[in-house]
Amino acid sequence: MTLLDGLTLYLRVAALLLPVVACAAVGSYWAWKKKPFPAEFIAVLAANFATPALVFHTLLSTPLSGQALLQAGAATVLGFALAAAMAAVALRLLKLPVLGLLPAAVLPNAGNLGLPMAQLAFGAEGLAIAVAAFAITSVLQHTVAVWVLSRASPQRTRMPRGILFAVGAAMALRWTGWSLPAPVLDSARLVGSMTVPLMLLSLGYALVTVSHAGLRQGALVGLTRLAVGTASGLLVGVLMGLPPLAAGVMLLQLAMPVAVASYLYADRLTPHGPIAAGAVLVSTLALVLLSPALLWLAGAVRA
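Residues numbered from 1 in each chain as written. Predicted model: local features only at pLDDT ≥ 70, side-chain atom pairs only at ≥ 80, totals over all residues. Heavy atoms only, no water.

A separate point is the overall build of the protein. Looking only at helices and strands, one finds 13 helices and zero strands in the protein. The secondary structure elements of the protein, listed N-terminal to C-terminal, are α-α-α-α-α-α-α-α-α-α-α-α-α. Overall size of the protein, expressed as C-alpha extent along the three principal axes, is 50 × 50 × 35 Å. Expressed as a percentage of the 303 residues in the protein, the buried residues total 49%. Accessible area for the protein stands at about 14100 Å²; split by element, carbon and sulfur atoms hold 71% of it. Side chains of the protein give 16 positive and 5 negative charges; the mean places of these two sets differ by 13 Å. (Helix = DSSP H or I, 4+ residues; strand = E, 2+ residues; numbered from the N terminus. Buried < 20%, exposed > 50% of the residue type's maximum accessible area, 1.4 Å probe, protein only. Areas by Shrake-Rupley, 256 points an atom, 1.4 Å probe, with all protein chains shown as cover. Lys, Arg positive; Asp, Glu negative; His and termini not counted. Charge placed at Lys NZ, Arg CZ, Asp CG, Glu CD.)

Next comes the structure, spelled out in structure tokens:
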């Protein structure tokens with residue numbers, strides 16, 4: 001890969017990140033101006049309404065067959081299991097709270113970054129596999145991860161039930177083959193489309209107000225996410241004997257930075273929101289720097 005190829009790749013990755021940065025910058029500007037921020041309202045709106053609608057629409061609208069979802073799901077779940085085992089050891093060695101930060105260290109930003117990165121690297125065929133992995137990641141992010149964080153909360157906060165209802169309803173509709181009227185799906189899509197902007201606004205606000213200690217600990221969590229994600233992505237391809245294309249896509253999905261949703265739930269359910277915010281920032285910046293090496297490792301870039 002020539003210097004010009006490397007610069008072009010950096011520019012394309014930066015273009016993928018621009019919408020994310022722009023939305024988070026609005027929240028940062030609001031904090032910088034010291035304006036009142038309705039954190040509780042945004043958190044409840046995102047967790048109880050927007051996110052369930054997003055998950056419901058994603059599961060119903062994905063064009064992949066049940067078999068494709070099952071195969072991608074098996075690889076994704078195995079990858080997360082491996083990542084969780086490695087991340088738990090790393091967090092304990094770093095003397096950081098394991099349960100409260102485990103979702104941030106395990107679950108990647110498979111939607112905002114994973115899908116466009118897969119398309120950039122492998123085209124439409126890679127994107128189809130990534131969509132299946134994203135669907136499974138989204139379900140785990142908003143169910144299992146929230147349950148883990150609720151166990152880590154000193155108040156034993158109850159996990160939002162809207163997610164469970166959305167997953168159950170969507171899976172029941174797919175299983176029975178029933179379809180919903182277009183206006184209902186359009187409504188779910190519109191409400192769900194609020195999820196990512198709301199999360200990014202909260203993240204941008206938190207990054208301005210986060211302490212130096214939170215940023216320092218967040219850096220450790222963010223780098224742990226990239227390390228265990230890359231390692232688990234490589235192991236999944238070997239253990240499951242995936243073909244090169246599928247192995248490369250799974251590596252990219254599992255090696256993405258900390259998910260913004262991990263910050264939102266950590267901030268809402270535990271005292272570790274500032275650490276999760278720092279983890280999102282550091283891991284995302286690190287991805288920009290390391291993206292050429294990651295794409296080469298995934299087999300998308302040839303020297």
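So, on to a nonpolar patch on the surface. Taken together, the side chains of Tyr29, Trp30, Trp32 and Val208 make up a nonpolar region of the molecular surface, amounting to roughly 450 Å² of accessible area. Considering each element in turn, the nonpolar patch owes the most residues, three residues, to helix 1 (residues 3-32). Overall, Trp30 belongs to the partly exposed group, its relative accessible area being 34%. (Patch = residues over 30% accessible without salt bridge, like charges linked within 9 Å, V, L, I, M, F, W, Y side chains within 5 Å. Salt bridge = Lys/Arg side-chain N within 4 Å of Asp/Glu carboxyl O.)

With that settled, the discussion passes to helix 10 (residues 212-239). In this model helix 10 runs 40 Å from its N-terminal to its C-terminal C-alpha over 28 residues, within 8% of the 40 Å that 1.5 Å per residue would give. One or two positions beyond helix 10, positive phi appears at Gly241, with a value near 60°. (Expected span 1.5 Å × (residues − 1).)

Within the secondary structure, Val260 is located in helix 12 (residues 260-269). The class for Val260 is buried, based on a relative accessible area of 5%. Residues Val260 and Gly248 lie 12 residues apart in sequence; the distance between their C-alpha atoms is 23 Å. Once residues lying within four places of it in the same chain are set aside, the contact partners of Val260 are Asn109, Met199, Leu200, Leu203 and Val280. (Contact = heavy atoms within 4.5 Å.)

In this section: the packing of aromatic side chains. Applying the stated rule across the entire model yields two aromatic pairs. Between the aromatic rings of Tyr29 and Trp32, the centroid separation amounts to 6.2 Å while the plane-to-plane angle is 50°, which identifies the pairing as tilted. Here Tyr29 pairs with Trp32, and both are found in helix 1, just three residues apart, close to one helical turn. By relative accessible area, Tyr29 is classed as partly exposed at 44%. Considering the side-chain rings of Phe37 and Tyr205, the 4.3 Å spacing of their centres and the 15° angle between planes classify their relative orientation as stacked. You can see Phe37 sitting in the loop between helix 1 and helix 2 (39-61) and its partner Tyr205 sitting in helix 9 (residues 195-209), a full 168 residues away along the chain. It is Lys35 that lies over the ring of Trp30; its NZ or CZ is 5.6 Å from the centre. (Phe/Tyr/Trp six-rings, centres within 6.5 Å; stacked < 30°, edge-to-face > 60°. Lys NZ or Arg CZ within 6 Å of the ring centre and 35° of its normal.)

In this fold, Ala261 is placed in helix 12. For Ala261, the contacting residues outside a window of four places in its chain are Gln141, His142 and Met199.

Attention now moves to the packing of helix 5 (residues 110-142) against helix 11 (residues 244-254). At a minimum axis separation of 9 Å, helix 5 and helix 11 run at an interaxial angle of 170°. Relative to helix 11, helix 5 is oriented roughly antiparallel. Counting all contacts with helix 5, which are made through Ala110, Gly114, Leu115, Met117, Ala118, Ala121, Phe122, Glu125, Gly126, Ile129, Ala130 and Ala133, the residues of helix 11 involved are Leu245, Ala246, Gly248, Val249, Met250, Leu252 and Gln253. Taken together, the residues of the contact of helix 5 with helix 11 sort by class into 14 nonpolar, four polar and one charged. (Axes fitted to C-alpha atoms, helices over the stretch in contact; angles between N-to-C directions. Parallel < 35°, antiparallel > 145°, perpendicular 65-115°, else oblique. Nonpolar A, V, L, I, M, F, W, Y, C, P; charged D, E, K, R; others polar.)

Our focus in this paragraph is the pattern of salt bridges. One pass over the full model with this rule turns up one salt bridge. For Glu40, the salt bridge identified is with Arg268, shortest N-O distance 3.3 Å. A residue pair is termed long-range when its members are at least 10 positions apart, and Glu40 in helix 2 and Arg268 in helix 12 qualify at 228 residues. By relative accessible area, Glu40 is classed as exposed at 53%.

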